[in-house]
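# Descriptive structure summary
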Amino acid sequence: MSAVLARRPLGTGGVEVTELSFGGAGIGNLYAPISEEQAAAALDHAWGAGIRYFDTAPHYGLGLSERRLGAALRGRDRSSYVLSTKVGRILEPADEVRGDDLADGGFAVPRTHRRVWDFSADGVRRSIESSLARLGVDRIDVVFLHDPDHHADEAFREGYPALEKLRSEGVVGAIGAGMNQAEMLTRFVRDTDVDAVLCAGRYTLLDHAALAELLPAASERGASVVIGGVFNSGLLADPRPGARFDYTEAPPELVARARALGALAERHGTTLRAAALAFPFGHPAVASVLVGIHTPEHITDAVRQFGARVPDEFWQEARATGLLPSGVPVPGDVRPGDVRPADVRGGVRS
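Scope of this entry: the structure provided in the associated data block. (Residues numbered from 1 in each chain as written. Predicted model: local features only at pLDDT ≥ 70, side-chain atom pairs only at ≥ 80, totals over all residues. Heavy atoms only, no water.)

Our focus in this paragraph is the overall build of the chain. The secondary structure content of the chain amounts to 10 helices and 18 strands. In terms of C-alpha radius of gyration, the chain reaches 19 Å, essentially the compact-globule figure of 20 Å for 350 residues. Reported as C-alpha extents along the three principal axes, the dimensions of the chain are approximately 55 × 45 × 40 Å. When contacts within the chain are restricted to residue pairs at least 6 apart in sequence, those whose partners lie at least 24 apart make up 74%. Here the chain has roughly 14500 Å² of accessible surface; of this, 50% comes from carbon and sulfur atoms. Treating the 38 positive side-chain charges of the chain as one cloud and the 46 negative ones as another, the clouds have centres 3 Å apart. (Helix = DSSP H or I, 4+ residues; strand = E, 2+ residues; numbered from the N terminus. Rg over C-alpha atoms; globule rule 2.2 N^0.38 Å. Contact = heavy atoms within 4.5 Å. Areas by Shrake-Rupley, 256 points an atom, 1.4 Å probe, with all protein chains shown as cover. Lys, Arg positive; Asp, Glu negative; His and termini not counted. Charge placed at Lys NZ, Arg CZ, Asp CG, Glu CD.)

Put into structure tokens, the structure is as follows:
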């Protein structure tokens, strides 16, 4: 029997996601190829572990992630899972296939297409139509504007209104933006009616940038935040010299801090990975933690770590020793009055 992961709402629009969610970049051959069988096994394992929120994007493997995810979910009860994808990069067929996408996009796939930035209203609709075809579904539950860092004007003027219209038409259930920064996401939360934003790498044990404005704004506006990159590209999963932090080699001082947090976790009978997965839920605006996993073993570990108890004493000592700033909220700080009724974390049960 599948495990059951607690769910939380994305804003107020009725879409609910499991607290632990599946990030689809890995099954798009991020950095290295995996076979169709390996991708299918990973997704089947995630389903068996109780994960019911799956995130992907056309960018991931030039559509490969969407195709693999759609194939794995085909035949599943469509009402039982939530699917999110992204808009902002149109995939156009290449005139000639030369080499792979590693240098351009970081994915070990043939360069069959080229990405064209497009946050126009027409581009948004075209992107969603293509994603529906690749996924093989009749609707997408959540759509995020993907990395509009250098396209803010078009994203706010055309892309967001297009998503709002599609939401009003019932084509999509929830809308938002997904980025590796907190500042523009804060603008989306404050200046638009997004249901949720996906913030990657900016709210972790090592990086608290989202706490300055984004998370308070989300709480004030009733929007939700999905947190990606909780391991900061691997440093918080395995803090060794040479480990990656935000896609590049981690500086020595960050490695030392991660190792200190890991040693503290061990002294309190838990793990650094468990603490990294639990940390975001110290803030009531957080709805889900998105983990990029693409092997059954990693999925088993992620679910186990997610369900593990992180003692209050770990958080207290982390703040007392300066490994976490004193003002950063931790899971033990969440008071009943801070949490919307549907937001109470239920953990994992069999």
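Next up on the list: the packing of helix α1 (residues 36-48) against helix α2 (residues 64-73). Interaxial distance between α1 and α2 falls to 10 Å at its minimum, and their mutual angle equals 55°. Comparing their axes, α2 and α1 come out oblique. Crossing of α1 over α2 shows right-handed handedness. Contacts between α1 and α2 involve E36, A39, L43, D44 and W47 from the first element and L64, R68, L69, A72 and L73 from the second. Classifying every residue of the contact of α1 with α2 by side-chain character gives 7 nonpolar, no polar and 3 charged. (Axes fitted to C-alpha atoms, helices over the stretch in contact; angles between N-to-C directions. Parallel < 35°, antiparallel > 145°, perpendicular 65-115°, else oblique. Left-handed = near helix turned anticlockwise from the far one by under 90°. Nonpolar A, V, L, I, M, F, W, Y, C, P; charged D, E, K, R; others polar.)

The subject of this paragraph is the pairing of strand β14 (residues 224-228). The element β14 is largely enclosed, with a buried count of 5 among its 5 residues. Burial along β14 is two-sided: S224, V226 and G228 and V225 and I227, pointing in opposite directions, are all buried. Relative to β14, strand β13 (residues 196-200) is paired through 5 bridges, and the arrangement is parallel. Counterpart to A196 in the pairing with β14 is S224. Each parallel crossover has a hand, and for β13 linked through helix α6 (residues 214-221) to β14 it is right-handed. As judged from the 4 bridges shared by β14 and strand β17 (residues 286-292), these two strands associate in the parallel manner. Looking at β17, one finds that V225 is bridged to V286. (Buried < 20%, exposed > 50% of the residue type's maximum accessible area, 1.4 Å probe, protein only. Pairing = 2+ DSSP bridges. Right-handed = clockwise from strand over helix to strand, strands pointing away.)

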